[in-house]
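# Geometric and topological summary
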Amino acid sequence: LTSVTIPNSVTSIGNSAFESCRGLTSVTIPNSVTKIGDEAFSGCSGLKKVTFEDGISALKVGYSLVDKNYTVGQFYDCHLEEVYLGRNLEYNVSPFSDQKNLSSLTIGNSVTSIGGSAFYGCTGLTSITIGESVKTIGGSAFSGCSALTSVTIGESVETIGNCAFMDCSNLELVKSLALIPPSFTNKYDYFSYKNTFSDYAATLEVLPEALNAYKQHDGWRRFKNITTISAPVSEISLNETELTLEVNGSTTLTVTIHPEDASEKPLIWASSDEKIVTVDQNGKVTAISVGEADITVTATDDSGVSAVCHITVLPVLAESITIEPTQWSGYEGESFTISATVLPESTTDPTLSWTSSDQTIATVDNEGVVSVLKPGNCIITASTVDGSSLSADCIITSSSGINAIFNDDSGLWDVYKVSGSLILKDGNYEQLRQLSPGIYILRQGSRSHKLLLK
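Residues numbered from 1 in each chain as written. Predicted model: local features only at pLDDT ≥ 70, side-chain atom pairs only at ≥ 80, totals over all residues. Heavy atoms only, no water.

### Thoughts on the overall build of the protein
Per the secondary structure count, the protein includes three helices and 42 strands. Its C-alpha radius of gyration of 42 Å places the protein more than 25% over the 22 Å reference for a compact globule of 454 residues. Dimensions along the principal axes, computed over C-alpha positions, put the protein at roughly 130 × 55 × 35 Å. Going through the 454 residues of the protein one by one, you find that 43% of them count as buried. Taking as baseline every contact in the protein between residues at least 6 positions apart, the subset at least 24 positions apart corresponds to 48%. About 22,800 Å² of surface is accessible on the protein, with carbon and sulfur atoms providing 46% of the total. Mean positive and mean negative side-chain charge positions of the protein (27 and 51 charges, respectively) differ by 8 Å. (Helix = DSSP H or I, 4+ residues; strand = E, 2+ residues; numbered from the N terminus. Rg over C-alpha atoms; globule rule 2.2 N^0.38 Å. Buried < 20%, exposed > 50% of the residue type's maximum accessible area, 1.4 Å probe, protein only. Contact = heavy atoms within 4.5 Å. Areas by Shrake-Rupley, 256 points an atom, 1.4 Å probe, with all protein chains shown as cover. Lys, Arg positive; Asp, Glu negative; His and termini not counted. Charge placed at Lys NZ, Arg CZ, Asp CG, Glu CD.)

Structure, rendered in C-alpha cells:
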C-alpha cells in the first residue's frame, strides 16, 4: 500500500485505521470525512504527502501516542514533505507540529482559520502565503519555523494569536494585504515573550492606503521598516491574442498590466511547444517549425493573472523557380542535368517534383537528371510541392544520331570502334544504319562525331 485516495462515501476514518502502513507515501482525504480517529496514521513513516480536499465543514483530527501516555500530533512519526490544507481542522494536538521535512504548504480558499500551533516547529518551510479566505491565525501557528523568510498575510485576516511567528529568526519580509491591520491578541509589551513576532527587524509591506493605520497600530508599528506595496495585478493584456508567423519569423509581444500601479514584478513567459515557437523573457517570439502553440505571460506577484496569445506558424512558400537550361537539343542516348533555383533561400520546403510530358522520349529523376531515349519532342517540368504552385519547363528536342549527321551533309564517313580500330571506310547513310547497335566514332577529315546506335 503506497497511495490512498479515500472515496467520498467515507465520513470517518477510525482509530489506528492505517497504523504502521510504512509503505504509504500519500493520502487524499475527501471533504466527506468529518473525523479522523486517534493514531489513524501512527507509524506511517513513509508518508510524505497529505491532501485535505476543499470543504466548508471542519474536520476533527485525533492524536497519536508516544509510550502510550504522551499525546502527540496525528502525523508525529511521519515524514511529511507536502501538505494541501483545503478546510478548517479541529484538534487538541496539532497534526503537523514539528514536521521538519515539510517544505510545501498550500492553504486552500475554503480555510477561514489556522489553528493554534498548527505548523509549530516546521523548520523546512521557507515561504508562506495565507489566502484571502483566512480570518484568524492561531497562537504559535508558525512559531519555531526558523527557515521562514517571507510571509504574505491575506486581505481577510482579522486577528493573529500570541507568538504566531515567534522564533522565526530568518524572517525578512512580512507582507499584509489587509486594509485594516489585524489585531494581536496579546498585550504589546515590547519585551514580552508573547510578542506575535519575536523580531521586528523584517520589512513590513502594506497597501498604500493602509500605511498610516499600520504605523499607528500598537503592534504593527514595532516593525522598524514599514513600506508600501503596489496593488496586486488584476489583469494582463497582450497587444495580440492571435498571431500568424512564417517559419524563422519573429515578433515581440507587448504587455499592458492593470491596474497601472500594480506590482513591478518580473513576468514569466512560456511556450506550450518550444519545437514550434519559442519566447524569451522580453516577449520576443520566434517561429521554429510549422504548427500551432500558445504563448503565455504570467504575473509573478502571486495573483496568478496571465494572458495568452495563440500562434500559428506557416511555412515560407517559394516565390520563384528558375531552371537551366530552358531548352535542349541533342541526340537519343544522351543525358544531362537540369539545375533549378528556388527563391527565397528561406523557403521552408524547396523540394521539387520533376515530370516528363512523354516518358518514351525522355525521362527525368528526382535530381533533375534527364535521359533522352529516342528522337522526338517533350517537356521536362520542375514543380514546387509546398503549395505555392510554381513550375518551370525545359523543352527537349531529340534527334537520331544518323539523321542529325546526314541531315545537311550526304558525305561519306570513316567509322571506327571506340577502341580506335577502323571498321568501315567511306560509309554512307544506308551502310551506317546497317551497323550493329553500339557506340561508334565517325570521322570526315577534321570533323568527327560520336554515334550511338540501338
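### Some thoughts on the pattern of salt bridges
Applying the stated criterion across every chain yields a total of three salt bridges. Here Asp98 ties to Lys100 by a salt bridge, and the two come within 3.9 Å at their closest N and O atoms. Residue classification places Lys100 among the partly exposed positions, given a relative accessible area of 49%. Residue Arg221 pairs with Asp218 through a salt bridge whose shortest N-O separation is 3.6 Å. We classify Arg221 as partly exposed; its relative accessible area is 46%. By relative accessible area, Asp218 is classed as partly exposed at 38%. (Salt bridge = Lys/Arg side-chain N within 4 Å of Asp/Glu carboxyl O.)

### Details of the nonpolar core
With 64 residues, the main nonpolar core has Phe41, Phe119 and Phe142 as its most contacted residues. Sequence-distant contacts of Phe41, defined by excluding residues within four places in its chain, comprise Phe18, Leu24, Val27, Ile29, Ile36, Leu47, Gln74, Phe75, Asp77 and Cys78. Ile236, Leu253, Val285 and Val305 belong to the second largest nonpolar core, which has 24 residues in total. (Core = buried A, V, L, I, M, F, W, Y, C linked by side-chain atoms within 4.5 Å.)

### Some thoughts on the pairing of strand E31 (residues 327–331)
The two faces of a sheet get side chains in turn, since along a regular strand they alternate between them. Burial along E31 is one-sided: Trp328 and Gly330 are buried, while Gln327, Ser329 and Tyr331, pointing the other way, are not. Bridge count for E31 against strand E38 (residues 391–399) is five bridges, and the pairing is parallel. Across the sheet, Gly330 pairs through a bridge with Ser398, a residue of E38. (Pairing = 2+ DSSP bridges.)

### So, unusual backbone geometry
Cis peptide bonds are those with omega within 30 degrees of zero, and the linkage from Glu324 to Pro325 qualifies with 0 degrees. Of the consecutive residues Leu343 and Pro344, the connecting peptide bond is found in the cis state with omega at 0 degrees. Phi angles above zero are rare outside glycine, and Glu39 is one such case at about 55 degrees. Residue position: Glu39 is located in the loop between strand E4 (35–36) and strand E5 (49–52). The phi dihedral of Asp426 is positive, around 55 degrees, even though this residue is not glycine. Here Asp426 lies in strand E40 (residues 422–427). Looking at Asp426, the relative accessible area reads 40%, which means it is partly exposed.

### Digging into the packing of aromatic side chains
Evaluation of the coordinates by the stated rule reveals 17 aromatic pairs. Aromatic pair Phe96 and Phe119: ring centres 5.2 Å apart, planes at 5 degrees, arrangement stacked. One end of the pair, Phe96, is in the loop between strand E10 (89–91) and strand E11 (104–107); the other, Phe119, is in the loop between strand E12 (113–114) and strand E13 (127–130), and 23 residues separate them in sequence. In this structure Phe96 comes out as buried when scored by relative accessible area, which is 2%. (Phe/Tyr/Trp six-rings, centres within 6.5 Å; stacked < 30°, edge-to-face > 60°.)

### Some thoughts on the side chain of Asp414
Turning to its location among the elements, Asp414 is positioned in strand E39 (residues 413–417). Once you skip the residues sitting within four places of it in the chain, Asp414 turns out to touch Leu422, Leu424, Lys425, Asp426, Ile441, Leu442 and Arg443.

### A look at the sheet that holds E10
Overall, parallel pairing links the four strands, which are arranged E2-E4-E6-E10 in an open sheet. Where the open sheet ends on each side, the last strands, each with one partner, are strand E2 (12–13) and E10. Direction of pairing for E4 relative to strand E6 (residues 59–61): parallel, over a ladder of two bridges. Paired with Ile36 across the strands is Val61, a residue of E6.

### Comments concerning the pairing of strand E42 (residues 447–453)
Across seven bridges, strand E41 (residues 438–444) lies against E42 in antiparallel orientation. Within the sheet, the bridge partner assigned to Ile439 lies in E42 and is Leu452. The antiparallel pairing of E41 with E42 creates a hairpin that spans two residues between the two strands, and Gly445 there sits at a positive phi of about 65 degrees.

### Observations regarding the sheet that holds strand E9 (residues 82–85)
Judged by pairing direction, the sheet is parallel, and its five strands sit side by side in the order E1-E3-E5-E9-E11 without closing on themselves. Edge positions in the open sheet fall to strand E1 (3–5) and E11, since each of these has one partner strand only. Strand-to-strand twist across the sheet, computed as the mean angle between neighbouring axes with direction ignored, equals 5 degrees. For E5 and E9, the ladder comprises four bridges, and the chain directions are parallel. By the bridge assignment for E9, Val50 is matched with Val83. (Axes fitted to C-alpha atoms, helices over the stretch in contact; angles between N-to-C directions.)

### Looking at the environment of Cys78
Note that Cys78 resides in the loop between strand E8 (70–72) and E9. Under the relative-accessibility criterion, Cys78 is labelled buried at 4%. In this structure the C-alpha to C-alpha distance between Cys78 and Lys417, which are 339 residues apart in sequence, comes to 98 Å. Contact partners of Cys78, with chain neighbours within four places excluded, come to Phe41, Cys44, Ser45, Leu47 and Gln99.

### Here's the deal with the environment of Tyr84
Within the element layout of this structure, Tyr84 appears in strand E9. Tyr84 sits 56 residues away from Thr28 along the chain, and the two C-alpha atoms are 9.4 Å apart. Residues within four places of Tyr84 in sequence aside, it is in contact with Val50, Thr51, Phe52, Asp54, Thr106 and Gly108.

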